[in-house]
Every structure is written in C-alpha cells, then in structure tokens.
Amino acid sequence: GTDVSSRVSSESNVNINQIGVYHIRYTVLNDIWVLSEVTRTVAVYDPNDQDQIDITGYYVTDMEASNNGKGTFASYSAQYTHIIQCNGIVISQLCPGIYTVRDMTGGWYSQIRGYGTPYEMIGHITIDDAGNVTLLDSHVAGWNNGLDYIENAKYDADTATISFDLSYLNAVFLHVVMYKIEDL
C-alpha cells in the first residue's frame with residue numbers, strides 16, 4: 001500500500017490541564033482521494049483521585065419524582081409508551097473520577113417517548129467527596145447535540161440516588177431522579 005501519513009490531519013480540543021472528556025478527530029485522503037475520518041475519545045483525569053464515592057451500577061428512574069415541570073414521568077409514560085419503569089440506565093467508570101451515564105434524561109426520549117437507544121443522552125460526569133455532580137459533556141447520537149447544563153446535581157450515597165435538573169436545547173427542562181438497583 002501507499003504511505004498516506006502525509007495526508008493525515010487532526011483536530012483536537014484536548015486540554016491536559018483540565019479534567020474532562022475530549023475528542024481528537026483524524027482525517028485522511030486515501031489513494032483515490034476519498035476522505036475518511038475517525039474520532040477518538042480522550043479522558044484527562046487526576047491520577048491521585050481515589051474515587052471516594054463509587055456510583056457505578058444499574059439504575060432506574062424514579063417515575064414519580066422525575067418530571068418536566070408539567071407532570072411526572074409516570075403521567076407522560078401513560079400518555080406515550082405505557083412503560084412502568086425506565087430501566088437499563090448504566091453508570092460506569094470511564095477512568096478515576098469520571099463516569100459515563102447512559103441516559104442523562106432518565107429515559108425521557110429513549111424509553112418514555114419510545115425513540116429508542118439512538119436517543120439516549122450519553123453524559124460524562126464527575127462527583128466530589130460531598131456528592132456534588134458536575135457535567136463534563138453529553139451527546140445524543142440521534143440528534144447530534146447535547147445538554148445545555150445540569151444544576152442542583154447531587155449523589156446521595158446513603159440512598160444510592162442521583163438527582164439533577166437539566167436543560168436541553170433551552171426548551172426542555174427535566175428534573176431527573178435515578179436510583180441504583182444493582183452494582184455493575
């Protein structure tokens with residue numbers, strides 16, 4: 001094959017001085033000048049972080065406590081998909097101090113509205129020793145966008161519950177409460 005290394009370019013938002021999740025995008029033109037690309041995810045973390053709180057596990061959404069300001073998830077589920085419980089929400093550790101949440105919306109679009117897994121809001125969060133949760137990034141593949149922010153975000157280690165308020169597209173505001181049902 002032909003050496004195309006001179007045709008490889010990359011774009012990156014990696015900041016090695018800031019804990020977070022970043023992306024490096026590589027592009028290359030092959031022998032017949034077709035553009036190919038791949039994106040790699042990079043996590044920058046503090047190797048001294050010993051994860052005082054471990055939040056990894058399988059979670060379900062508290063359908064009565066979670067709401068969109070107009071009604072509970074349970075009331076909307078009765079209107080759309082009739083599911084009793086949003087489950088299959090996984091929180092896993094990406095690296096020390098950074099967790100991946102497989103559906104920051106608690107199943108609002110993927111399960112309650114019935115759009116499926118392409119509409120899970122995948123997010124990366126950190127959690128401090130006091131249980132305060134910080135959003136690093138988020139992305140929903142089906143719409144190629146992410147959350148505006150989360151606030152009032154806490155993890156209660158005694159009840160294994162995570163709760164927060166989120167904004168999506170400055171138009172959807174949800175209060176999400178999820179509790180752990182099983183360790184990973």
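Everything quoted here is computed from the prediction, not taken from an experiment. (Residues numbered from 1 in each chain as written. Predicted model: local features only at pLDDT ≥ 70, side-chain atom pairs only at ≥ 80, totals over all residues. Heavy atoms only, no water.)

Visitor: Honestly, the environment of Gln93 in this entry has me stumped. Any pointers?
Guide: Its location among the elements puts Gln93 in strand E5 (residues 89–95). Spatially, the C-alpha atom of Gln93 lies 6.3 Å from that of Thr56, the residues being 37 residues apart in sequence. (Helix = DSSP H or I, 4+ residues; strand = E, 2+ residues; numbered from the N terminus.)

Visitor: Would you mind showing me how to read the sheet that holds E5 here?
Guide: Hydrogen bonds between backbone atoms are what pair the strands of a sheet, whose relative direction is either parallel or antiparallel. Strand order in this open sheet of 8 strands is E8-E7-E6-E5-E4-E11-E10-E9, and the pairing throughout is antiparallel. Edge positions in the open sheet fall to strand E8 (133–139) and strand E9 (147–156), since each of these has one partner strand only. With strand direction ignored, the average angle separating the axes of adjacent strands in the sheet is 30°. The pairing of strand E4 (residues 57–61) with strand E11 (residues 172–182) spans 4 bridges and is classified as antiparallel. For Thr61, the partnering residue across the bridge sits in E11 and is Met178. (Pairing = 2+ DSSP bridges. Axes fitted to C-alpha atoms, helices over the stretch in contact; angles between N-to-C directions.)

Visitor: How should the sheet that holds strand E1 (residues 9–12) be read in this particular structure?
Guide: Within the open sheet, the 3 strands sit side by side as E1-E2-E3. Their pairing is antiparallel. Of all the strands in the sheet, just E1 and strand E3 (35–44) have a single pairing partner and so form its edges. Averaged over all neighbouring strand pairs, the angle between strand axes comes to 20°, with direction disregarded. Relative to E3, strand E2 (residues 20–29) runs antiparallel, the two sharing 10 bridges. Across the sheet, the residue bridging to Val21 is Ala43, located in E3.

Visitor: When you look at the layout of surface pockets in this model, what are you seeing that I'm missing?
Guide: To find the voids left in a structure, one rolls a probe of water-molecule size over its atoms. Space inside the second largest pocket adds up to approximately 210 Å³. If you trace the second largest pocket, you find it lined by His23, Thr39, Thr41, Ile122, Gly123, His124, Asp137, Ser138, His139 and Asn144. Those elements that provide at least two residues to the lining of the second largest pocket are E3, strand E7 (122–127) and E8. Across the lining of the second largest pocket, the residue classes break down as 1 nonpolar, 8 polar and 1 charged. (1 Å grid on protein atoms, 1.4 Å probe; cavity = no way out; pocket = protein on both sides within 12 Å on 5 of 7 lines; lining within 4 Å. Points joined across faces, edges and corners; volume = space filled by probe spheres on them. Nonpolar A, V, L, I, M, F, W, Y, C, P; charged D, E, K, R; others polar.)

Visitor: Honestly, the side chain of Asp137 in this entry has me stumped. Any pointers?
Guide: Mapped onto the fold, Asp137 is located in strand E8. We note that Asp137 is buried and unpaired, the nearest opposite charge coming from Arg102 at a distance of 12 Å. Leaving out residues up to four positions away in the same chain, Asp137 has contacts with Val21, His23, Ile122, Gly123 and His124. (Buried < 20%, exposed > 50% of the residue type's maximum accessible area, 1.4 Å probe, protein only. Lys, Arg positive; Asp, Glu negative; His and termini not counted. Salt bridge = Lys/Arg side-chain N within 4 Å of Asp/Glu carboxyl O. Contact = heavy atoms within 4.5 Å.)

Visitor: Quick question: what am I supposed to make of the pattern of salt bridges here?
Guide: Two side chains carrying opposite charge are able to pair once their charged atoms lie near each other. For the structure shown, the criterion picks out 4 salt bridges. Linking Arg25 and Glu11 is a salt bridge whose minimum nitrogen-to-oxygen distance equals 3.2 Å. A residue pair is termed long-range when its members are at least 10 positions apart, and Arg25 in strand E2 and Glu11 in strand E1 qualify at 14 residues. For Glu37, the salt bridge goes to Arg25, with nearest N and O atoms at 3.1 Å. Here Glu37 is found in strand E3, whereas its partner Arg25 is found in strand E2, with 12 residues between them in sequence.

Visitor: How should a nonpolar patch on the surface be read in this particular structure?
Guide: A contiguous nonpolar patch, built from Tyr58, Tyr179, Ile181 and Leu184 and spanning about 370 Å² of accessible area, is present on the exposed surface. By relative accessible area, Tyr179 is classed as partly exposed at 31%. (Patch = residues over 30% accessible without salt bridge, like charges linked within 9 Å, V, L, I, M, F, W, Y side chains within 5 Å. Areas by Shrake-Rupley, 256 points an atom, 1.4 Å probe, with all protein chains shown as cover.)

Visitor: Mind showing me how you'd approach the environment of Gln85 here?
Guide: Of note, Gln85 is situated in the loop between helix H1 (73–79) and E5. For Gln85, a relative accessible area of 26% translates into the label partly exposed. Here the alpha-carbon distance between Gln85 and Gln111, two residues 26 residues apart in the chain, equals 9.0 Å. With residues up to four places along the chain from it excluded, the contact list for Gln85 reads Val60, Thr61, Asp62, Met63, Gln111 and Tyr179.

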